[in-house]
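# Chain and residue survey
If you want the building blocks of each chain, they are given just below.
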Amino acid sequence: MDQLPLPLEGITVVAVEQAVAAPFATRQLADLGARVIKVERIDGGDFARGYDTAARGLASHFVWCNRGKESIALDLKDPRGLAVVRRLVTDADVFVQNLAQGAAARLGLDAATLCAAHPRLVAVDISGYGASGPYADKRAYDMLVQCEAGLVSVTGTPEQPVKAGIPAADIAAAMYAFSGVLAALLRRATTGRGGPVEVSMLEALAEWLGHPLHHAMHGGTPPARTGLAHAVIAPYDAYPTADGGRVLLSVQNDREWRRLAERVVGRPELGTDPAYATNAARVAHRERTDELVGRALGALDTDEALARLEDAGIACARLRDLHELAEHPQLAARERWREVGSPVGPLKALLPPITLPGGDEARMGDVPALGQHTGALLRAVGMTDEEIAALRRDGVAA
């Protein structure tokens, strides 16, 4: 059977994007076969290029979010630079922007304006808080939105709320923008019309707060911050082992508790002891429950503890750091690592998690240098070498 092509083969995306939310969304599109043209500032480009130099001199955020794209550097405050974007949009299927609130509208690059001019275009506005309401013009960065969305209030220890260790608000908005584009393209296939797509970081992350939000709204009290423990299940936590590791386990029902008590803790009578026999009892006596489990696992090294738990049919995991994730045996066994090109040479990258068996593998293109494709793209919209040289000389293109 012939291999199926990537699902977005033939789709062209133009993105005036920065930071994480829009770039991560358009990277998903690029991985699935779309051509993504990234419009960057001439003075340094996407500011995420300057976040750090951890990826062999390149910024880790930028490497993560921008492979497989073509970079064109333009001054959009100059009418000539803006005209180039308009010409690129004319031939595009999708437009994505996450400029500061109001900036795209001032340039005529907001979704409503573009879709009115190009009925088949799918145009995405990604914002912090949405286009209306009292927060519409408020500056929005990931940590700030994590706080506004309540994520920080349910993350951390009883003493200290903490933000997530990843840009959760950016990622949430990116993935809803990605799925919104796919839905709009599917609708266009049947109606012939594209249309605007709106995504806000606050609304995306608020959706992800579903369980604690519903717990608080309907149950009266928010779930407690419990570190690595679970607020309403016990035992469900991380426990130190004899060799300095930490093992997490989760007991989901009373049958599992009886197996844990017999095969790991070595106290089968705890399976029927009224103080521990039910989850409600174990939560009520959480400190003592954790002490019993912790004492048993603390006498074993990490590998032995995991083997004992697996043998007892208890869900468990090893607490890994990021270096250990990079060497994870499951990722290696499933051959999930590839190399992508970049201005500093090949860099390791994970295959995207959407796998389409029977089709072409995800297209993991190079990470572009700033303005790497400016000349080719300007020629593609009909500019002569003399016109291109004039734009470069005047600082409109780079």
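Structure report, in brief. (Residues numbered from 1 in each chain as written. Predicted model: local features only at pLDDT ≥ 70, side-chain atom pairs only at ≥ 80, totals over all residues. Heavy atoms only, no water.)

Attention shifts here to the nonpolar core. Counting residues in hydrophobic clusters, the biggest one holds 42 residues, and the most contacted among them are Val-13, Val-94, Val-96, Ile-126 and Leu-205. Listed by contribution, the elements that provide at least two residues to this core are β1 (12-16), α1 (21-31), β4 (94-97), β5 (122-127), α7 (168-191), β6 (195-200) and α8 (201-208). When residues no more than four places from it in sequence are discounted, the contact partners of Ile-126 are Ala-21, Ala-22, Val-96, Gln-97, Asn-98, Ala-173, Ala-177 and Val-199. (Core = buried A, V, L, I, M, F, W, Y, C linked by side-chain atoms within 4.5 Å. Buried < 20%, exposed > 50% of the residue type's maximum accessible area, 1.4 Å probe, protein only. Helix = DSSP H or I, 4+ residues; strand = E, 2+ residues; numbered from the N terminus. Contact = heavy atoms within 4.5 Å.)

Pairing is antiparallel across the open sheet formed by three strands, whose spatial order is β7-β8-β9. Every interior strand has two partners, whereas the edge strands, β7 (236-240) and β9 (315-318), have only one. Averaged over all pairs of adjacent strands, the angle between their axes in this sheet comes to 25°, without regard to strand direction. Pairing between β7 and strand β8 (residues 246-250): five bridges, direction antiparallel. Across the sheet, Tyr-239 pairs through a bridge with Val-247, a residue of β8. Packed onto the sheet, helix α13 (residues 302-311) meets β8 and β9 and runs at close to 165° relative to β9. (Pairing = 2+ DSSP bridges. Axes fitted to C-alpha atoms, helices over the stretch in contact; angles between N-to-C directions.)

All right, on to empty space enclosed by the protein then. Taken as a whole and assessed by the stated rule, the structure comprises one cavity of 30 Å³ or more. Taken as a whole, the largest cavity encloses approximately 30 Å³ of empty space. Looking at the largest cavity, the residues that line it are His-211, His-215, Pro-223, His-230, Ala-231 and Val-232. The residue makeup of the lining of the largest cavity, split by class, is three nonpolar, three polar and no charged. (1 Å grid on protein atoms, 1.4 Å probe; cavity = no way out; pocket = protein on both sides within 12 Å on 5 of 7 lines; lining within 4 Å. Points joined across faces, edges and corners; volume = space filled by probe spheres on them. Nonpolar A, V, L, I, M, F, W, Y, C, P; charged D, E, K, R; others polar.)

Next up on the list: the environment of Pro-352. Within the secondary structure layout, Pro-352 lies in the loop between β11 (347-350) and α16 (374-380). Spatially, the C-alpha atom of Pro-352 lies 43 Å from that of Tyr-276, the residues being 76 residues apart in sequence.

So, on to unusual backbone geometry. For the peptide bond that leads from Ala-234 to Pro-235, omega is -5°, which places it in the cis range. Inspection of the secondary structure puts Pro-235 in the loop between α9 (210-219) and β7. One non-glycine residue, Ala-19, lies in the positive phi region at around 65°. Relative to the helices and strands, Ala-19 resides in the loop between β1 and α1.

Here the focus is the packing of helix α10 (residues 254-265) against α13. Contact pair α10 / α13: the axes reach a minimum separation of 9 Å and the direction vectors enclose 140°. Here α13 runs oblique to α10, going by the angle between their axes. α13 is crossed by α10, and the crossing has right-handed handedness. In this structure, α10 uses Leu-260, Arg-263 and Val-264 to contact α13, whose residues at the interface are Arg-308, Leu-309 and Asp-311. Along the lines of polarity and charge, the residues of the contact of α10 with α13 split into three nonpolar, no polar and three charged. (Parallel < 35°, antiparallel > 145°, perpendicular 65-115°, else oblique. Left-handed = near helix turned anticlockwise from the far one by under 90°.)

With that settled, consider the layout of surface pockets. By volume, the largest pocket is sized at about 1,300 Å³. Forming the boundary of the largest pocket are 34 residues, of which Ser-60, Trp-64, Trp-337, Lys-348 and Leu-350 lie nearest the centre. Contributions of two or more residues to the lining of the largest pocket are made by α1, α2 (60-65), α7, α14 (322-326), β10 (337-340) and β11. Here the lining of the largest pocket is built from residues that sort into 24 nonpolar, four polar and six charged. Quantified by volume, the second largest pocket comes out at close to 710 Å³. Around the second largest pocket sit 31 residues that line it, and Ala-19, Phe-47, Ala-140, Tyr-141 and Met-201 are the ones nearest its centre. Those elements that provide at least two residues to the lining of the second largest pocket are β5 and α6 (142-148). Along the lines of polarity and charge, the residues of the lining of the second largest pocket split into 17 nonpolar, eight polar and six charged.

On to the packing of aromatic side chains. Applying the stated rule across the entire model yields four aromatic pairs. Each ring, one from Phe-24 and one from Trp-64, has its centre 4.7 Å from the other, and the planes form 40°; the classification is tilted. Of this pair, Phe-24 sits in helix α1 while Trp-64 sits in helix α2, and the two are 40 residues apart along the sequence. The side chain of Lys-138 reaches across the aromatic face of Tyr-135, ending 5.5 Å from its centre. (Phe/Tyr/Trp six-rings, centres within 6.5 Å; stacked < 30°, edge-to-face > 60°. Lys NZ or Arg CZ within 6 Å of the ring centre and 35° of its normal.)

Should their charged atoms come close, side chains of opposite charge can pair. Tallied over the full model, the rule gives 21 salt bridges. One salt bridge in this structure joins Arg-80 and Asp-78, with 3.1 Å as the shortest N-O distance. For Asp-78, a relative accessible area of 16% translates into the label buried. In this structure, Arg-282 engages Asp-254 in a salt bridge whose closest nitrogen and oxygen atoms are separated by 3.0 Å. Highlighted residues: Arg-282 in helix α11 (residues 279-284) and Asp-254 in helix α10, separated in sequence by 28 residues. Of the residues examined, Asp-254 reaches a relative accessible area of 26% and is grouped as partly exposed. One continuous salt-bridge network, built from bridges that share partners, spans Glu-17, Lys-38, Asp-46 and Lys-69. (Salt bridge = Lys/Arg side-chain N within 4 Å of Asp/Glu carboxyl O.)

Moving on, we get to the pairing of β10. Where β10 lies against β11, four bridges are found, and the strand directions are antiparallel. Directly across from Trp-337, in β11, lies its bridge partner Leu-350. Between β10 and β11, which pair antiparallel in sequence order, lie six residues; one of them, Gly-345, sits at a positive phi of approximately 105°.

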